[in-house]
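Notes for the structure review
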Amino acid sequence: MIVWTFSPDVMEFAEHAEAFLETDPAANTVPLTVLAGLRAGMPGDGSSFGWWSEDGEVKGAVFRTPPRPFYLARMPLAAVPPLVEELRVRGVETPEISGPVDVVDAFVAASGATPARRRPERLYRLGALDVPDVPGKGRCADMGDFPLVMNWFDAFAAEVSQSAGGDLAEVVRRRIAHGDIMLWADGDAPVSLAGISPEAAGMCRIGPVYTPPSSRRRGYGAAVTAYASQVALTERCTMAVLFTDLNNPTSNAVYQSIGYEPVSDYARVVLEPVP
């Protein structure tokens, strides 16, 4: 039997799909990180999860945790048209989608929707870390840094034209409390920021990475990313990954300069409604 199954229950989703997702932690970094975040207390109101089964074996997954886009995990491309039809029958709208580029393109083609905006992304995995020689030092953010981190998260979201993910103050408070935010300080002043995701299947994802415009082109972004990667590998996981915007050649070059290697391409697409 070949079928898509949907549930609002994250634990039911984990029971069926987590083992499949863990077969490739790097490629499935987003759904695995979301599962880890929900278990750590990330709000999940209005979430929906789905998995594709072939003769009882899960081979694909999707989910949405508002206000984030509808996410397409790895799946056979043959599973995409049935997914589009199942969503249509259920009356589920997908104004924005994200995932591996081949799956995203198959979804767009099957839905007949017109892309209004497309953000190409690339997934990188850390090989041998090359720590740059940059003035300053890294540290973990604490609640005294809350206003600064709030401001930088907001600025990052605006710069990449995406939601910060729910109540921004709650997101920042939770991530600082969990020790997820690293700062690079030159002297006493923080000049750059990098987040670390909760560990999932031995993997952590670095992000967001943000340096305010006044502090750019001084190596701070590379320094804070390298520092966050070191903390992740020392304290949390055995694999570090991150996403970049392919429209930003500077950031792609920076991450490769400290040891991140390309894995595969992804895309985030805003869709116009189908007439």
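For the structure, check the block above.
Residues numbered from 1 in each chain as written. Predicted model: local features only at pLDDT ≥ 70, side-chain atom pairs only at ≥ 80, totals over all residues. Heavy atoms only, no water.

Some thoughts on the nonpolar core
With 28 residues, the main nonpolar core has Phe13 and Leu21 as its most contacted residues. Residues within four places of Phe13 in sequence aside, it is in contact with Glu18, Leu21, Leu35, Phe49, Gly50, Trp51, Ala61 and Val62. The next biggest cluster of nonpolar side chains, apart from the first, holds 25 residues, and it includes Met182, Cys204, Val231 and Ile258. (Core = buried A, V, L, I, M, F, W, Y, C linked by side-chain atoms within 4.5 Å. Buried < 20%, exposed > 50% of the residue type's maximum accessible area, 1.4 Å probe, protein only. Contact = heavy atoms within 4.5 Å.)

Considerations on the environment of Val10
Looking at the secondary structure, you find Val10 in helix α1 (residues 10-21). Considered as a pair, Val10 and Val34 are 24 residues apart in the sequence and their alpha carbons are 9.9 Å apart. (Helix = DSSP H or I, 4+ residues; strand = E, 2+ residues; numbered from the N terminus.)

Focus on the state of the cysteines
Per the stated rule, a full pass over the model turns up 0 disulfides. No disulfide involves Cys204; its nearest neighbouring cysteine sulfur is the one of Cys237, lying 3.1 Å away. Under the relative-accessibility criterion, Cys237 is labelled buried at 8%. (Disulfide = S-S within 2.5 Å.)

Digging into helix α7 (residues 220-235)
Counted at 1.5 Å a residue, the expected span for α7 with its 16 residues is 22 Å, and the 22 Å between its end C-alpha atoms agrees. When we look at burial in α7, the residues that qualify are Tyr220, Gly221, Ala222, Ala223, Val224, Thr225, Ala226, Ala228, Ser229, Val231 and Ala232. (Expected span 1.5 Å × (residues − 1).)

Quick look at the environment of Ile97
Relative to the elements of secondary structure, Ile97 occurs in strand β5 (residues 96-100). Linking Ile97 and Leu271, residues 174 residues apart in sequence, is a C-alpha distance of 7.8 Å. With residues up to four places along the chain from it excluded, the contact list for Ile97 reads Pro69, Phe70, Leu72, Val104, Phe107, Val108, Ala267, Arg268, Val269 and Leu271.

Digging into helix α3 (residues 80-90)
Val80, Leu83, Val84 and Leu87 are the residues of α3 that are buried. Down the axis of α3, the buried set is contained in an arc of 100 degrees. They therefore lie on one face. If you follow the buried residues of α3, they end up packed against β1 (2-7), β3 (57-64), β4 (70-72) and α4 (101-111). Gly91 occupies a position one or two residues after α3 and carries a positive phi of about 70 degrees. (Arc of directions from axis to C-beta.)

Notes on the packing of aromatic side chains
Following the criterion strictly, the structure yields 9 aromatic pairs and no others. Through successive ring pairs, a cluster of aromatic residues spans Trp4, Phe6 and Trp52. (Phe/Tyr/Trp six-rings, centres within 6.5 Å; stacked < 30°, edge-to-face > 60°.)

Focus: the packing of α3 against α4
One way to put it is that α3 packs onto α4 with a least axis distance of 9 Å and a crossing angle of 55 degrees. The orientation of α3 relative to α4 falls into the category oblique. Remark: the crossing between α3 and α4 carries right-handed chirality. Where α3 approaches α4, its residues Val80, Pro81, Leu83, Val84 and Leu87 are matched on the opposing element by Val103, Ala106, Phe107, Ala110 and Ser111. Looking at side-chain class alone, the contact of α3 with α4 contains 9 nonpolar, 1 polar and no charged residues. (Axes fitted to C-alpha atoms, helices over the stretch in contact; angles between N-to-C directions. Parallel < 35°, antiparallel > 145°, perpendicular 65-115°, else oblique. Left-handed = near helix turned anticlockwise from the far one by under 90°. Nonpolar A, V, L, I, M, F, W, Y, C, P; charged D, E, K, R; others polar.)

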